[in-house]
Amino acid sequence: MKDLLKGIIDKNIEVTEKGKVADYIPALAKANPRDLGACIIDMDGNIYTAGEYRKRFTIQSISKTIALMLAIMDNGEEEVFKKVGMEPTGDAFNSIYKLEVEEIAKPLNPMINAGAIAVTSLIKGRDSKEKIDRLLSLFRKISCNDNIVINEEVYLSEKETGNRNRAMGYLLKDMGIVDGNVEEALDVYFKQCSIEMDCIDIANMGLFLANDGTIPKTGEVVVDEHISRIIKTYMVTCGMYNSSGEFAIKVGIPAKSGVGGGILASVPHRMGIGIYGPALDKRGNSVAGLRVLQSLSKQLDLSIF
Ligand code: GLU
């Protein structure tokens, strides 16, 4: 397995040349576009790594999966789905216009920015500090790493330049989707996006989801299977931006990517996979990361379909 993974990473390093690192959040532009790394952790706890798997990167949109999990744990499904829908959009992750034209008058799903901001506003806590602390503790638990922290530079960079997200936050407040303080919800959102991890941490999160919400190493049940299934289903239908349909056909694994170049993938009852490759395609997915997952899926027969 180690050789297989190394072979796939080595073969796809040149694919990184086809993408560009995100620069709309200025601090992200510092990433090395040629980096590519991966980690696989199987149900027996075997860890396989290759390439730049130790590089830390901000998880960005990958955080939307676990923020949704915490919001459902805090409020129950019914409350959460009053504020956010269950349908893919086919639009860019930061698109705003369907908030106005859709009759249902709520963000279409929790994996686009509008839906994620709505979901994050539902996380319980006295103030934004308590909310992000609760979320961070959950990330530490399921990635089996107590040292996970927020990258301050990326957080401040996005807070300063996140005008589109800020606009969405205020529109959602006007629509009655965000109840509390908008700046507080945005602050938690910017911080969750700036949580820093490496491929091993991401693979551990994928393994936790693959194991239906129980941490395999400790046997601790963090969420019930049903909630874990909701998260994985959103990963299939909306996890890879507006390439989710193509990804389902070509790869067939629940996955969520982020503009920091990470991809979280979870193969039910088999393995968790963490990928890092900050050169992105036009839709925001790691261009080489997609190819790595495609090869892995083919060679190990990982598609769930
Ligand atoms: N923090 C990023 C934003 O809101 C997350 C985007 C992403 O990774 O898709 O623009």
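Values in this document were obtained by computation on a predicted structure and should not be read as measured data.

The rules behind these values
- Residues numbered from 1 in each chain as written.
- Predicted model: local features only at pLDDT ≥ 70, side-chain atom pairs only at ≥ 80, totals over all residues.
- Heavy atoms only, no water.
- Helix = DSSP H or I, 4+ residues; strand = E, 2+ residues; numbered from the N terminus.
- Rg over C-alpha atoms; globule rule 2.2 N^0.38 Å.
- Buried < 20%, exposed > 50% of the residue type's maximum accessible area, 1.4 Å probe, protein only.
- Contact = heavy atoms within 4.5 Å.
- Areas by Shrake-Rupley, 256 points an atom, 1.4 Å probe, with all protein chains shown as cover.
- Lys, Arg positive; Asp, Glu negative; His and termini not counted.
- Charge placed at Lys NZ, Arg CZ, Asp CG, Glu CD.
- 1 Å grid on protein atoms, 1.4 Å probe; cavity = no way out; pocket = protein on both sides within 12 Å on 5 of 7 lines; lining within 4 Å.
- Points joined across faces, edges and corners; volume = space filled by probe spheres on them.
- Nonpolar A, V, L, I, M, F, W, Y, C, P; charged D, E, K, R; others polar.
- Pairing = 2+ DSSP bridges.
- Core = buried A, V, L, I, M, F, W, Y, C linked by side-chain atoms within 4.5 Å.
- Axes fitted to C-alpha atoms, helices over the stretch in contact; angles between N-to-C directions.
- Salt bridge = Lys/Arg side-chain N within 4 Å of Asp/Glu carboxyl O.
- Disulfide = S-S within 2.5 Å.
- Patch = residues over 30% accessible without salt bridge, like charges linked within 9 Å, V, L, I, M, F, W, Y side chains within 5 Å.

Caption draft 1: Examining the overall build of the protein more closely. Summing up its helical and strand segments, the protein has 13 helices and 7 strands in all. Here the protein has a C-alpha radius of gyration of 18 Å; the compact-globule value for 305 residues is 19 Å, and the two agree. Overall, the protein is about 55 × 40 × 35 Å in size when its C-alpha atoms are taken along their principal axes. Per-residue burial over the protein gives 60% buried out of 305 residues. Intrachain contacts of the protein at a sequence separation of at least 6 include 69% that bridge at least 24 residues. For the protein, the exposed area adds up to about 12500 Å²; of that, 49% sits on carbon and sulfur atoms. Separation between the mean location of the 37 positive side-chain charges and that of the 41 negative ones in the protein comes to 3 Å.

Caption draft 2: Geometry of empty space enclosed by the protein. A full pass over the atoms with the stated rule returns 2 cavities of 30 Å³ or more. What lines the largest cavity is Thr89, Asp91, Ala92, Ser95, Ile96, Lys98, Leu99, Lys106, Pro107, Leu108 and Ile112. Counted by class, the lining of the largest cavity contains 6 nonpolar, 2 polar and 3 charged residues. Counted as a void, the second largest cavity has a volume near 60 Å³.

Caption draft 3: Structural view of the pairing of strand 1 (residues 37–42). When you tally the buried positions in strand 1, you get 6 out of 6 residues, the bulk of the element. The alternating pattern of strand 1 places Gly37, Cys39 and Ile41 and Ala38, Ile40 and Asp42 on opposite faces, both of which are buried. Where strand 1 meets strand 2 (residues 47–51), 5 bridges bridge the pair, whose relative direction is antiparallel. Bridging across to strand 2, Gly37 finds its partner in Gly51. Here strand 1 hands over to strand 2 after 4 residues, with Gly45 in that stretch at a positive phi of 90°. Note: strand 1 against strand 7 (residues 271–276), 6 bridges, orientation antiparallel.

Caption draft 4: Up close: the nonpolar core. Grouped together as the largest cluster of nonpolar side chains are 64 residues, with contacts concentrated most on Met69 and Met205. For this core, the element with the highest residue contribution is helix 10 (residues 199–210), accounting for 8 residues. Beyond its immediate stretch of four places on either side in the chain, Met69 contacts Leu138, Phe208, Val222, Val223, Ile227 and Ile231. If you look at the next biggest cluster of nonpolar residues, it comprises 29 residues, including Tyr48, Ile253, Val267 and Ile275.

Caption draft 5: Here's a closer look at the sheet that holds strand 7. Here 5 strands make up an open sheet; going across it, the order is 2-1-7-6-5 and the pairing antiparallel. If you trace the sheet from one side to the other, it starts and ends with strand 2 and strand 5 (255–257), each paired once. Ignoring strand direction, the axes of neighbouring strands in this sheet form an average angle of 10°. Across 6 bridges, strand 6 (residues 262–267) lies against strand 7 in antiparallel orientation. Its bridge partner being in strand 7, Val267 is matched across the sheet by Met271. Across the sheet, helix 1 (residues 2–12) lies against strand 1 and strand 2, angled at about 25° from strand 2, the strand it touches most. Packing against the sheet, helix 10 makes contact with strand 1, strand 2, strand 6 and strand 7, and its axis sits at approximately 150° to strand 7.

Caption draft 6: Expanded view of the pattern of salt bridges. The tally for this structure, following the rule as stated, stands at 19 salt bridges. Through salt bridges with shared partners, a single network forms among Lys159, Asp187 and Lys191.

Caption draft 7: Broad picture of helix 5 (residues 113–120). Helix 5 sits mainly inside the fold: 8 of its 8 residues count as buried. All of the buried residues along helix 5 are Asn113, Ala114, Gly115, Ala116, Ile117, Ala118, Val119 and Thr120. Those residues of helix 5 hidden inside the fold are in contact with helix 2 (63–75), helix 3 (77–83), helix 4 (98–101), helix 8 (163–174) and helix 9 (182–193).

Caption draft 8: View of the state of the cysteines. Under the definition given, this model contains 0 disulfides. Take Cys144: it sits in no disulfide, and the sulfur closest to it among the cysteines is that of Cys39, at 11 Å. You can call Cys144 partly exposed: its relative accessible area is 31%. Cys193 takes part in no disulfide bond, and the closest cysteine sulfur, belonging to Cys238, lies 16 Å away.

Caption draft 9: Geometry of a positive patch on the surface. Residues Lys11, Lys18, Arg291 and Lys298 make up a contiguous surface patch of positive charge. Following the sequence through the fold, Lys18 ends up in the loop between helix 1 and strand 1. For Lys18, a relative accessible area of 62% corresponds to the exposed category.

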